[in-house]
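A structural walkthrough
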Amino acid sequence: MNASKAAQGSPFYVGTYTEPGKSKGIYACSLNVESGDLTLHSLVAEVPNPTWVTFSPNGKFLYSTQKVQDCAIRAFRVESDGSLTALNSESSKGNAGCHLLVDATGKNILTANYSSGSVDVVRLEEDGSLGKRTAFIKLTGAGPDPIRQTQSYAHGVFEDLENARVYVCDLGSDCIWIYNFDSEKGTLTPNTPPAGQVVPGSGPRHLARHSTGKFFYVNGEMGINITVFECRPTDGGLKSIQVLSTLPEGTSGTGVTSAGVCLHPGERWLYVSNRGHDSITVYAVQKDGRLKWVENVSAQVKGPRGFAIHSSGKWLVVAGQYDDTLTTLQIDPLSGKLSPTGKSLKIYSPVCIAFSSNPE
């Protein structure tokens, strides 16, 4: 992607599942913020299964998972033309890395490894490259589902407002584990209380944090639900205050799993994607942090796994893993409702979207 192309729109990067002859890694795209048009620019990094990509706080570096049996983290420098320069890679000492968090200081990167049910911390050097490992946590737990919850499955790792604690969504145990986090040392220690819990069998996947730090929103992949937690500032503990379905009343959940969750930049609305039902559910965020159902609409793709909302708040871009399609939905500024635009592009097995945090 060159500078002239990048100037035409807001740049973003797409992580994919790779297959021979199909997807090859990470792709650079852009969104026209006036029209909602999407443009595919180029393959910018050949990586096996980069199913999660994320930026450093300053936007100068991009990091990706390499979701294979022996998972690795990859580090890239983002060049002025949008291309990526590979820096280095480092094993996460786990299997099937599925989520990354660069902490607020930009000094650490944390990985959630799904199959091994583990979380690790790796230091980041000043040049953006991966340094030494400073922490490794093996989760232990199980849930009621005899097939999918026989052990812990770490699905996402998230920080609190002060960057003093991290929260790990464990699909296998129905827990959101809480750890004290020392960003200077890169260490994790168990918190008291040690975890928050969702309804048994929900399978917590990802978490969206309100900017006040008071409320967390956790989507249950298996329970097809959203749990609203109140976070206690004194000890970081989580209290469940609301649980809602992500499907319309009376809809069968057979073959459906919840995937992504995201707060609108203005935090008036929350969005959740549903695979199988191939839809996105919209909730209004109330003053007390609770949610009110707004609507459930077609995602316009098959298998809406990952999605992202542009910082303007006008557009939601969703990745259809099963029909190899990205599409744009327009967000109504008054109601938060979504409207199809008919704007789409083809990329094989897209699963993650990350808008540049430093588009200039």
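Our subject is the structure listed above.
Just so we're clear, the structure is a prediction, and the values are computed from it rather than from any experiment. (Residues numbered from 1 in each chain as written. Predicted model: local features only at pLDDT ≥ 70, side-chain atom pairs only at ≥ 80, totals over all residues. Heavy atoms only, no water.)

As a further point, take the packing of aromatic side chains. Counted by the stated rule, this structure contains five aromatic pairs. With centroids separated by 5.7 Å and ring planes inclined at 70°, the aromatic side chains of Tyr-13 and Phe-55 adopt a geometry described as edge-to-face. Remark: Phe-55 occurs in strand E4 (residues 53-55) and Tyr-13 occurs in strand E1 (residues 10-16); sequence separation between them is 42 residues. (Phe/Tyr/Trp six-rings, centres within 6.5 Å; stacked < 30°, edge-to-face > 60°. Helix = DSSP H or I, 4+ residues; strand = E, 2+ residues; numbered from the N terminus.)

Roughly 1,600 Å³ of volume is contained in the largest pocket. Along the wall of the largest pocket there are 48 residues; nearest its centre are Trp-52, Thr-54, Leu-207, Val-261 and Cys-262. Those elements giving two or more residues to the lining of the largest pocket turn out to be E4, strand E8 (97-102), strand E12 (154-159), strand E16 (204-209), strand E20 (257-263), strand E24 (304-309) and strand E28 (350-355). Among the residues making up the lining of the largest pocket, the classes are represented as 27 nonpolar, 15 polar and six charged. (1 Å grid on protein atoms, 1.4 Å probe; cavity = no way out; pocket = protein on both sides within 12 Å on 5 of 7 lines; lining within 4 Å. Points joined across faces, edges and corners; volume = space filled by probe spheres on them. Nonpolar A, V, L, I, M, F, W, Y, C, P; charged D, E, K, R; others polar.)

Evaluation of the coordinates by the stated rule reveals 10 salt bridges. As a salt-bridge pair, Arg-133 and Glu-90 come within 3.8 Å of each other at their nearest N and O atoms. Within this pair, whereas Arg-133 is found in strand E11 (residues 130-138), its partner Glu-90 is found in strand E7 (residues 84-91), the two being separated by 43 residues in sequence. By relative accessible area, Arg-133 is classed as partly exposed at 24%. Across the pair Arg-290 and Asp-288 runs a salt bridge whose closest N-O atoms are separated by 3.3 Å. Taking the relative accessible area as the measure of exposure, Asp-288 reaches 37% and is therefore partly exposed. (Salt bridge = Lys/Arg side-chain N within 4 Å of Asp/Glu carboxyl O. Buried < 20%, exposed > 50% of the residue type's maximum accessible area, 1.4 Å probe, protein only.)

Moving on, we get to the sheet that holds strand E22 (residues 279-285). The strand order across the open sheet formed by four strands is E20-E21-E22-E23, and the pairing between neighbours is antiparallel. The open sheet terminates on both sides in strands that have one partner only, identified here as E20 and strand E23 (291-298). Between one strand and the next, the sheet's axes are offset by a mean angle of 20°, whatever the strand orientation. Sheet analysis places E20 next to strand E21 (residues 269-275), joined by five bridges and oriented antiparallel. By the bridge assignment, Ser-258 is partnered in E21 with Asn-274. (Pairing = 2+ DSSP bridges. Axes fitted to C-alpha atoms, helices over the stretch in contact; angles between N-to-C directions.)

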